[in-house]
Amino acid sequence: MLLYNLRAFLFINILAEQLKKFNINRILSASTIIDNEGLEEKCFIRSLIIKNLIKTKTTISTAESITGGLIAKYITDVPGSSGILKESFIVYSNDSKINVLGVDAGLISKYGVVSREVAYDMCVKLKMLTNDDICISTTGNAGPTVCDDKPVGRVYVGINYLDDVKVYECNFEGDRNKIREDTAEFVFDEISKFMNFE
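Just so it is clear, the model here is predicted, and its values are computed rather than measured.

**Student:** Sorry, what's going on with the sheet that holds strand β1 (residues 60-64) here?
**Tutor:** Here five strands make up an open sheet; going across it, the order is β2-β1-β3-β4-β5 and the pairing mixed. Every interior strand has two partners, whereas the edge strands, β2 (85-90) and β5 (164-171), have only one. Pairwise comparison of adjacent strand axes, ignoring direction, gives a mean angle of 15° for this sheet. In terms of strand pairing, strand β4 (residues 154-161) meets β5 through eight bridges, oriented antiparallel. Paired with G158 across the bridge in β5 is V167. The sheet contacts of helix α5 (residues 116-130) involve β1, β2, β3 (134-140), β4 and β5, and relative to β3 the element is tilted by about 145°.

**Student:** Please clarify how the packing of aromatic side chains should be interpreted in this entry.
**Tutor:** The way to describe two aromatic rings as a pair is by their centre distance and the angle between their planes. All told, the structure shown has three aromatic pairs when counted by the stated rule. Directly above the aromatic system of Y74 lies the positively charged group of R46, at a separation of 3.5 Å from the ring centroid.

**Student:** Please clarify how the side chain of S192 should be interpreted in this entry.
**Tutor:** By the element assignment, S192 lies in helix α6 (residues 176-194). Of note is the side chain of S192, whose polar atom sits 2.6 Å from the backbone oxygen of D189.

**Student:** It is not clear to me how the environment of N177 should be interpreted in this structure. Could you clarify?
**Tutor:** Inspection of the secondary structure assignment puts N177 in helix α6. Residue classification places N177 among the partly exposed positions, given a relative accessible area of 47%.

**Student:** Would you mind going over the nonpolar core with me for this structure?
**Tutor:** Within soluble globular proteins, side chains that are nonpolar generally end up buried alongside one another. Counting residues in each nonpolar core, the largest one holds 29 residues, and the members touching the most others are I60, I75, I134, I136, F188 and I191. Looking at this core, the elements that each hand over two or more residues are α1 (2-55), α2 (70-76), β3, β4, β5 and α6. Ignoring sequence-local partners within four residues, the contact set of I134 consists of L53, T58, T59, I60, S61, I159, N160, Y161, I191, F194 and M195. In terms of nonpolar packing, the next biggest core, distinct from the first, is built from 16 residues, L101, C123, L126 and Y156 among them.

**Student:** What's the story with the packing of helix α3 (residues 94-101) against α5 in this structure? I'm lost.
**Tutor:** The relative placement of two packed helices comes down to the angle between their axes together with the axis-to-axis distance. Direction vectors running N to C along α3 and α5 enclose 35°, while the axes themselves pass 10 Å from each other. The hand of the α3/α5 crossing is left-handed. Here α3 contributes K97, V100 and L101 to the contact with α5, which in turn contributes M122, K125, L126 and L129. Per-class residue counts for the contact of α3 with α5 are five nonpolar, no polar and two charged.

**Student:** Is there a simple way to explain a nonpolar patch on the surface in this structure?
**Tutor:** A contiguous nonpolar surface patch, about 290 Å² in accessible area, is contributed by F44, I45 and L48. Inspection of the secondary structure puts L48 in helix α1. Overall, L48 belongs to the partly exposed group, its relative accessible area being 40%.

**Student:** What is the right way to look at the pattern of salt bridges in this model?
**Tutor:** Following the criterion strictly, the structure yields seven salt bridges and no others. Residue D182 pairs with K178 through a salt bridge whose shortest N-O separation is 2.8 Å. Remark: K178 and D182 occur in helix α6; sequence separation between them is four residues, near one turn of the helix. Its relative accessible area of 16% is what places D182 among the buried residues.

Basis of the calculations
- Residues numbered from 1 in each chain as written.
- Predicted model: local features only at pLDDT ≥ 70, side-chain atom pairs only at ≥ 80, totals over all residues.
- Heavy atoms only, no water.
- Pairing = 2+ DSSP bridges.
- Helix = DSSP H or I, 4+ residues; strand = E, 2+ residues; numbered from the N terminus.
- Axes fitted to C-alpha atoms, helices over the stretch in contact; angles between N-to-C directions.
- Contact = heavy atoms within 4.5 Å.
- Phe/Tyr/Trp six-rings, centres within 6.5 Å; stacked < 30°, edge-to-face > 60°.
- Lys NZ or Arg CZ within 6 Å of the ring centre and 35° of its normal.
- Polar contact = N/O pair within 3.5 Å; in protein donor to acceptor, adjacent residues only side chain to side chain.
- Buried < 20%, exposed > 50% of the residue type's maximum accessible area, 1.4 Å probe, protein only.
- Core = buried A, V, L, I, M, F, W, Y, C linked by side-chain atoms within 4.5 Å.
- Left-handed = near helix turned anticlockwise from the far one by under 90°.
- Nonpolar A, V, L, I, M, F, W, Y, C, P; charged D, E, K, R; others polar.
- Patch = residues over 30% accessible without salt bridge, like charges linked within 9 Å, V, L, I, M, F, W, Y side chains within 5 Å.
- Areas by Shrake-Rupley, 256 points an atom, 1.4 Å probe, with all protein chains shown as cover.
- Salt bridge = Lys/Arg side-chain N within 4 Å of Asp/Glu carboxyl O.

Take it as geometry only, folks, not as evidence of what the structure does.
Rendered as structure tokens:
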């Protein structure tokens, strides 16, 4: 009788554990589906924006620091993008910003590399190099520590559209990848607004 009760007890516990795992897996599967749907929607919208740039023959170039080429990557994901993206620069270090783009070293010394002033100068110098319709610059702090007194998630995005330069200060949350991805999505959102793609 004791052996029978012990077996029954073990069987019930094993069954309970299996049910627990089953429910957890169902929850995880559901959340994965939701995450994937959100990602697919972002990709679809971004693709539409880029296709509109291709359709209107609007040329674009990027000078990316915090995003490390992510914006250019998203553009080149779309077939036909070679007609609008002539060149892109990953200027991750201070030296590359100065030597490749021609950013004023004094601005970096005075305001820090993560600053509105540097994002603006990056954008202006990129325009001088490429003369594209849209020139994008990104600089920011993706973490994990404070940089130039700028908190993790502080990002400056420069957008030069037909010689009209705007610099945006953004404050994103999350890990490095999330901050970089949010920066790229912000860029495409802003492009859609001033190009009237909404």
